[in-house]
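Residue strings, one per chain:
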Amino acid sequence: MYIAHFSPTGGTRRAAEIIGRALDPQATEIDLSTPKSVATPLDLSHDEVLLVAIPVYGGRVPAIALERLKRITGHDTPAIPVVVYGNRDYDDALLELKTALEATGFRSIAGVACIAEHSIMRVYATGRPDEADKHLLTQFAARIADKLDAVKSGTVPAPIEVKGNPQYKPYNGVPLKPHASRACNRCGTCAALCPVGAIPLDNPSKTDTSKCISCMRCIAVCPQQARKVSKLKVALSIRMLKKACESRKEPELFI
Ligand SMILES: Cc1cc2nc3c(=O)[nH]c(=O)nc-3n(C[C@H](O)[C@H](O)[C@H](O)COP(=O)(O)O)c2cc1C
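In this text, all values refer to a predicted model and were calculated from it rather than measured experimentally.

Draft legend 1. Structural context of the packing of aromatic side chains. Throughout the structure, instances matching the rule amount to one aromatic pair. Between Y85 and Y90, the ring centres sit 5.3 Å apart and the planes meet at 50°, which makes this aromatic pair tilted. For Y90, a relative accessible area of 1% puts it in the buried group.

Structure follows, in structure tokens:
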């Protein structure tokens, strides 16, 4: 089994591992988060299984993650699309990921929407996935394992239905681009790990805002805590989205 994830700040990866390792502790991990990801295309046979976990951005799947995912193809290979969101909503993201996987040779046998700490507004879903999530996601994995066993022994699974509108919500990015403060010592960690190469390796105190996808990875990985985003803009977003984000959402399984 393969566990592929696009996880700039780590929440998506944690959720993917809870489900994926419960299904197969020996699964091979594929990191889709860097420009070098899946340098060689990967073609999976009918006997393999692919779990793909992607964070929700504006109710959608980040385009760069879908682009990288196209380098992995299947042959009616069972797949488990997983979307991870920051306790607002996942809108059309699960449907979008499932549809993309089906266009490249996969058959979705289960879909999961679950919650991780909001990577911009960290006051929402703080510390998630937590123990309660872990418990529920492990239960989901047991049900997925049963279905995989049935598929392996020849049962043709009925197509799954997931939440989402096929006319996907438009996404135009968010107006929050991290910048380097004076504490930046140009160590280059952020430049090396930026998923889209928006930070020049030869001048890491700069950001190419036209490339930046506002994923917040540079802030999460900076050893000097030198990368910042406007506190005022974040505070305003927290206030604006309070109603949509404050009450706890629970993981969902579509099977
Ligand atoms: C640009 C951007 C847009 C986001 N949009 C949404 C959203 O529409 N709904 C939501 O609930 N969370 C949203 N989030 C929160 C992330 O989906 C969530 O924190 C996710 O776990 C981040 O994954 P990571 O920790 O692997 O980077 C957004 C985060 C970012 C950076």
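Draft legend 2. Quick look at the site of the ligand. Surrounding the ligand, one finds 27 residues, the nearest of these being S7, T9, T12, V56 and E117. Between the ligand and S7 there is a distance of 2.6 Å, counted from an oxygen atom to a side-chain nitrogen or oxygen. For the ligand, the cavity whose grid points lie within 2 Å of the majority of its atoms is the largest pocket. Counting residues per element, the ones that place at least two in the shell around the ligand are α1 (11-23) and β6 (77-85). Its residues assigned to classes, the shell around the ligand comprises twelve nonpolar, twelve polar and three charged. Looking at which domains feed residues into the shell around the ligand, each of domain 1 (2-161 + 250-254) and domain 2 (179-229) supplies at least three.

Draft legend 3. Looking closely at the UniProt feature "domain: Flavodoxin-like" (unreviewed entry) in the protein chain. Using the residue numbers shown here, the UniProt feature "domain: Flavodoxin-like" (unreviewed entry) corresponds to residues 1-145. The straight-line gap between the two end C-alpha atoms of residues 1-145 is 12 Å; of that span, 32% is helix and 24% is strand.

Draft legend 4. Highlighting the pattern of salt bridges. Across all of its chains, the model carries 16 salt bridges by this definition. Of the charged contacts in the structure, one is a salt bridge between E17 and R13, with a shortest N-O distance of 3.9 Å. Of the two residues, E17 and R13 are both situated in helix α1; the distance of four residues between them amounts to about one turn of the helix. Since its relative accessible area comes to 39%, R13 is described here as partly exposed.

About the criteria used
Residues numbered from 1 in each chain as written. Predicted model: local features only at pLDDT ≥ 70, side-chain atom pairs only at ≥ 80, totals over all residues. Heavy atoms only, no water. Phe/Tyr/Trp six-rings, centres within 6.5 Å; stacked < 30°, edge-to-face > 60°. Buried < 20%, exposed > 50% of the residue type's maximum accessible area, 1.4 Å probe, protein only. Near = heavy atom within 4 Å. Polar contact = N/O pair within 3.5 Å; in protein donor to acceptor, adjacent residues only side chain to side chain. 1 Å grid on protein atoms, 1.4 Å probe; cavity = no way out; pocket = protein on both sides within 12 Å on 5 of 7 lines; lining within 4 Å. Sits in = over half its atoms within 2 Å of the grid points. Helix = DSSP H or I, 4+ residues; strand = E, 2+ residues; numbered from the N terminus. Nonpolar A, V, L, I, M, F, W, Y, C, P; charged D, E, K, R; others polar. Domains from an automatic or database assignment. UniProt positions renumbered as here; feature names shortened; annotations may be inferred. Salt bridge = Lys/Arg side-chain N within 4 Å of Asp/Glu carboxyl O.

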